[in-house]
Amino acid sequence: MHRRRLSAVLSSAALGLGLIALAPLAAPGQIIPKDAASPILVIKGKGEFAAKLNASVMPTGKGWKAATDPGRRFQIMVPEKWKVEELAEGDIRMRVTPPGNAKQTPAQLQVVWADPSDKDPLEVDEEYALAFAEDLSKDPALARRQFKVSDSGYVLARGLKFALAGGTLTQRKDLYRQMVLVYIGEDRVLWLQFTAAEKDFAKYQDDVVKMFASYQNLGVKKISDDL
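To start, this report covers the structure provided alongside it. Nothing here was measured: the structure is a model prediction, and the numbers come from that model.

Structural notes on the overall build of the protein
- Within the protein, the regular secondary structure consists of five helices and eleven strands.
- Burial analysis of the protein (227 residues in total) assigns 51% to the buried set.
- In the structure as shown, the protein presents an accessible area of about 11,100 Å², 51% of it carried by carbon and sulfur atoms.

Printed below as a string of structure tokens:
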């Protein structure tokens, strides 16, 4: 998504905050690609989250469940005890929340979908990805929330290309941390967006890394199997 259009959505939602070859050991309902064990590569990554995402792999098997949108156009893997809400309407297609979540300041992963526009690039490339986080920090809507970049990088995952951005922002004087992984394709602009209170982020970070590492398109032929 064009950076300005994306940053507007991030600000408003911040606190509203071909056949796939199957590999063995898949739990019921899991669609596991043959390259599931291929490690994620984060190019020119900055920040603790980016470092953890680098060399991570898609989680499979016991302890994880598959979550797909109502149209079965994508899948992410989610810890078994986390709650998944599939949303059929609006930009937010899925909301995932951890157990024991606070009601007033809930931690949540949102999967947000938009149709590509003429202003969007055809795909994420290294130049776009490396400028993405800094450009968000300059956006007036996020600047009002005192957004400060903590993480960035160009992410390659099983033939897919992403931009990673993360940082802290404020809401009613409370400090939050947000991580965003953006994918751009010919039929979708999609991002995974996790937000939690800064004081709680560390306890969710490892699971969020694995959820980010698990994203895959369904029913879309891969451009390359070399990444």
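Considering the packing of aromatic side chains
- Taken as a whole and assessed by the stated rule, the structure comprises twelve aromatic pairs.
- With centroids separated by 6.4 Å and ring planes inclined at 40 degrees, the aromatic side chains of Trp 82 and Phe 194 adopt a geometry described as tilted. Taken together, the residues span a long stretch of sequence, with Trp 82 in the loop between strand E3 (74-79) and strand E4 (83-86) and Phe 194 in strand E10 (residues 188-197) at a distance of 112 residues.
- You can call Phe 194 buried: its relative accessible area is 0%.
- Here the aromatic cluster, defined as three or more aromatic residues joined through ring pairs, consists of Phe 49, Trp 82, Phe 194, Phe 201, Tyr 204 and Phe 212.
- Above the face of the Phe 201 ring, Arg 177 is positioned so that its terminal group lies 5.9 Å from the ring centre.

Regarding the sheet that holds strand E1 (residues 41-46)
- Reading across the sheet, the eight strands line up as E1-E7-E8-E9-E10-E6-E5-E4 and stay open at both edges, with antiparallel pairing between neighbours. Every interior strand has two partners, whereas the edge strands, E1 and E4, have only one. Each adjacent strand pair in this sheet contributes to an overall mean axis angle of 15 degrees, direction not counted.
- The sheet contact formed by strand E7 (residues 148-157) and strand E8 (residues 160-171) spans nine bridges and is antiparallel. Counterpart to Ser 152 in the pairing with E8 is Ala 165.

Procedures and definitions
- Residues numbered from 1 in each chain as written.
- Predicted model: local features only at pLDDT ≥ 70, side-chain atom pairs only at ≥ 80, totals over all residues.
- Heavy atoms only, no water.
- Helix = DSSP H or I, 4+ residues; strand = E, 2+ residues; numbered from the N terminus.
- Buried < 20%, exposed > 50% of the residue type's maximum accessible area, 1.4 Å probe, protein only.
- Areas by Shrake-Rupley, 256 points an atom, 1.4 Å probe, with all protein chains shown as cover.
- Phe/Tyr/Trp six-rings, centres within 6.5 Å; stacked < 30°, edge-to-face > 60°.
- Lys NZ or Arg CZ within 6 Å of the ring centre and 35° of its normal.
- Pairing = 2+ DSSP bridges.
- Axes fitted to C-alpha atoms, helices over the stretch in contact; angles between N-to-C directions.

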